[in-house]
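Summary of the model geometry
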Amino acid sequence: MKLSPRGSYNQFVNKKFNVSFESPQSGWMSMRLRAGGESLVAVMSHAPYESLHDLIRGLTALLADGGAGFTVKWNAEPDEYDFEFETRGGEVELRIVHYTGHRRALDSRSVVLTFRGPRAEVCQPFWRELKRLRDRRETDVFEQNWRRAFPEEELQEFTQALKAHRNG
């Protein structure tokens, strides 16, 4: 699905946003994101990007200092995805962009999911699922199966930023 960068506001609002991360296996992790009738199911690689760390750091910045936005690159070999977070006033717009190949050619770029909402409404589903992933890390043998350490410190900072944002 391709959307124009100037899509109408109504195409973004009144969507429920859900995030789900499956247990990692052999350096791969399935994720599912849903916003209204749009969904993305993809299996992402642990390499070459620090995607999980970058996601948590970026979401923390959005909450803590009103960050201007950020992009997280994910590798799905041979395809790639960008999770583009852009602030618009008090809201955040998330666009998930799919590239058919690692070269990231602009003519292979298509937007596959969009969601816009208040900062907490965008960040909370990610936080809930990251917390669940952390809670399962011993059972999942996370570090062995994801081939990277769980970003515990970053998740603690994200948790504090979310609490401060809610209370603030």
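Predicted model only: the values in this text are computed from it and were never measured. (Residues numbered from 1 in each chain as written. Predicted model: local features only at pLDDT ≥ 70, side-chain atom pairs only at ≥ 80, totals over all residues. Heavy atoms only, no water.)

1. Structural notes on helix α2 (residues 119-135)
Inclusion rule: In DSSP terms, a helix is any run of H or I states spanning at least four residues, a strand is any run of E spanning at least two, and both are numbered starting from the N terminus. Residue count minus one, scaled by 1.5 Å, sets the expected span of a helix. Categorising residues by exposure relies on relative accessible area from a 1.4 Å probe, with only protein chains included: less than 20% of the type maximum marks a residue as buried, more than 50% marks it as exposed, and the intermediate range marks it as partly exposed.
For α2, built from 17 residues, the straight-helix expectation of 24 Å at 1.5 Å per residue is met to within 8% by its first-to-last C-alpha distance of 24 Å. Looking at α2, one finds that the buried residues are R119, V122, C123, Q124, P125, F126, W127, E129, L130 and L133.

2. Re the layout of surface pockets
Definition in use: Only protein atoms enter the 1 Å grid, on which a cavity is a set of points fitting a 1.4 Å probe that cannot get out and a pocket is an open set with protein on both sides within 12 Å along at least 5 of 7 lines, lining residues being those with an atom within 4 Å of a point. Grid points are joined across faces, edges and corners, and a volume is the space filled by probe spheres set on the points. Asp, Glu, Lys and Arg are counted as charged, while Ala, Val, Leu, Ile, Met, Phe, Trp, Tyr, Cys and Pro are counted as nonpolar; the rest, among them Gly, fall into the polar class.
There is about 170 Å³ of room inside the largest pocket. At the level of elements, β1 (17-21), β2 (28-35) and α2 are the ones that each hand at least two residues to the lining of the largest pocket. Each residue belonging to the lining of the largest pocket can be placed in one class, and the counts come to three nonpolar, three polar and six charged.

3. A short note on helix α1 (residues 51-64)
Look at α1: 20 Å from first C-alpha to last across 14 residues, which is about the 20 Å you get at 1.5 Å a residue. Burial analysis of α1 places ten of its 14 residues in the buried class, the great majority of the element. Two residues or fewer after α1 comes G66, characterised by a positive phi angle close to 60°.

4. Re the packing of aromatic side chains
Cut-off, in case you're wondering: Each Phe, Tyr or Trp ring (for Trp, its six-membered ring) is paired with any other whose centre lies within 6.5 Å, and the angle between the two planes then decides the class: stacked below 30 degrees, edge-to-face above 60, tilted in between.
Tallied over the entire structure, the rule returns six aromatic pairs. Ring pairing ties together the aromatic residues F17, F70, F85, F115 and F126, which thus form one cluster.

5. Things to note about the sheet that holds strand β3 (residues 38-45)
The test is simple: For two strands to pair, DSSP has to find at least two bridges joining them. Between N-to-C directions, angles span 0 to 180 degrees; the directions come from axes that are lines fitted to C-alpha atoms, helices contributing only their stretch in contact. Any pair of residues with heavy atoms lying within 4.5 Å of one another is described as a contacting pair.
In spatial order, the strands read β1-β2-β3; together these three strands make up an open sheet with antiparallel pairing. Two strands in the sheet have a free side with no partner beyond their single neighbour: β1 and β3. Here the strands of the sheet are splayed against their neighbours by 10° on average, with no regard to which way each runs. Bridge count between β2 and β3: eight bridges; the pairing is antiparallel. Looking at the pairing, R32 lines up with V41 of β3. Strands β1 and β2 of the sheet are contacted by α2, whose axis makes an angle of about 20° with β1.

6. Remarks on the side chain of H98
Spelled out, the test is: Any N or O atom pair separated by 3.5 Å or less is treated as a polar contact, with the protein-specific requirement of one donor-capable and one acceptor-capable atom, and with residues adjacent in sequence counted only for side-chain atom pairs.
Note that H98 resides in strand β6 (residues 91-99). With a relative accessible area of 13%, H98 lands in the buried category. Reaching out from H98, the side chain makes a polar contact with the side chain of D79 at a distance of 2.7 Å. What H98 contacts, discounting residues up to four positions off in sequence, is D79, E80, Y81, S108, R109, S110 and V112.

7. A closer look at the nonpolar core
The test is simple: We define the nonpolar core as a collection of buried residues of types Ala, Val, Leu, Ile, Met, Phe, Trp, Tyr and Cys that are connected through side-chain atoms lying within 4.5 Å of one another.
Counting residues in each nonpolar core, the largest one holds 42 residues, and the members touching the most others are L33, Y81, F83, F85 and F126. Each residue touching F85, except ones within four places of it in the same chain, is listed here: L55, L59, L62, G69, F70, V92, E93, L94, V122 and F126.

Purely geometric numbers; function is a separate question.
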